[in-house]
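# Secondary and tertiary structure notes
Residues per chain are reported as follows:
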Amino acid sequence: NTRSYLCPTGYFCPAGSGTPSPCPAGTFQNELGMGDNASCTPCPFGQFQHLSGQAACNLCGGEATTTAVGSTSCVCQGNGRTHQPTDNRCLCRQGYKESVVGGEDCARSVFSVCGEGTWRGTDGVCRTLLQWQDYCR
């Protein structure tokens, strides 16, 4: 308890402190009035919490899992993927693309060197200055 109100969920309020302290990322706390950080519970296996001061953990979803309790992120199934905590999707990491052969895997994108007077965009296409001007309109 602080002097005037119960400590909120996601936080603990040490004795003598007038300011709530957030439970760290990888933990949650879903009760009012908790007094120490021992009340912060590690997220169960298969769940994560990437933010501090939270009242619950998030499920990793069907494309990912965790490697331990108290996780702050999920690990995607398949090589070359990264977990998006906002929607629980596992997208190909930057510089990777969906593998034609692998199913769950993403393969590193390797491009040939652009010719003189051309520059590569994030889509992998080499363009001249004139083509870039048209592209950016």
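For the structure, check the block above.
Below is a summary of the structure that appears in this document. (Residues numbered from 1 in each chain as written. Predicted model: local features only at pLDDT ≥ 70, side-chain atom pairs only at ≥ 80, totals over all residues. Heavy atoms only, no water.)

What follows is about the side chain of Gln 49. Considering the arrangement of structural elements, one finds Gln 49 in the loop between strand S5 (47-48) and strand S6 (58-59). If sequence neighbours within four positions are ignored, Gln 49 has contacts with Ala 25, Gly 26, Thr 27, Cys 43, Gln 54, Ala 56, Cys 57, Asn 58, Ser 71 and Thr 72. (Helix = DSSP H or I, 4+ residues; strand = E, 2+ residues; numbered from the N terminus. Contact = heavy atoms within 4.5 Å.)

On inspection of all chains with the given rule, the structure shows one aromatic pair. Each ring, one from Trp 132 and one from Tyr 135, has its centre 5.3 Å from the other, and the planes form 85°; the classification is edge-to-face. One end of the pair, Trp 132, and the other, Tyr 135, are both in helix H1 (residues 129-135), three residues apart, so they sit about a helical turn from each other. A cation over an aromatic ring shows up here: Arg 93 above the ring of Tyr 96, its NZ or CZ 4.6 Å from the ring centre. Above the face of the Trp 132 ring, Arg 127 is positioned so that its terminal group lies 4.8 Å from the ring centre. (Phe/Tyr/Trp six-rings, centres within 6.5 Å; stacked < 30°, edge-to-face > 60°. Lys NZ or Arg CZ within 6 Å of the ring centre and 35° of its normal.)

Looking now at the pairing of strand S9 (residues 81-84). Of the two faces of S9, the one holding Arg 81 and His 83 is buried and the one holding Thr 82 and Gln 84 is not buried anywhere. Direction of pairing for S9 relative to strand S10 (residues 89-92): antiparallel, over a ladder of four bridges. When the bridges of S10 are listed, Arg 81 appears paired with Cys 92. What sits between the antiparallel neighbours S9 and S10 is a turn of four residues, in which Asn 88 has the positive phi angle 60°. (Buried < 20%, exposed > 50% of the residue type's maximum accessible area, 1.4 Å probe, protein only. Pairing = 2+ DSSP bridges.)

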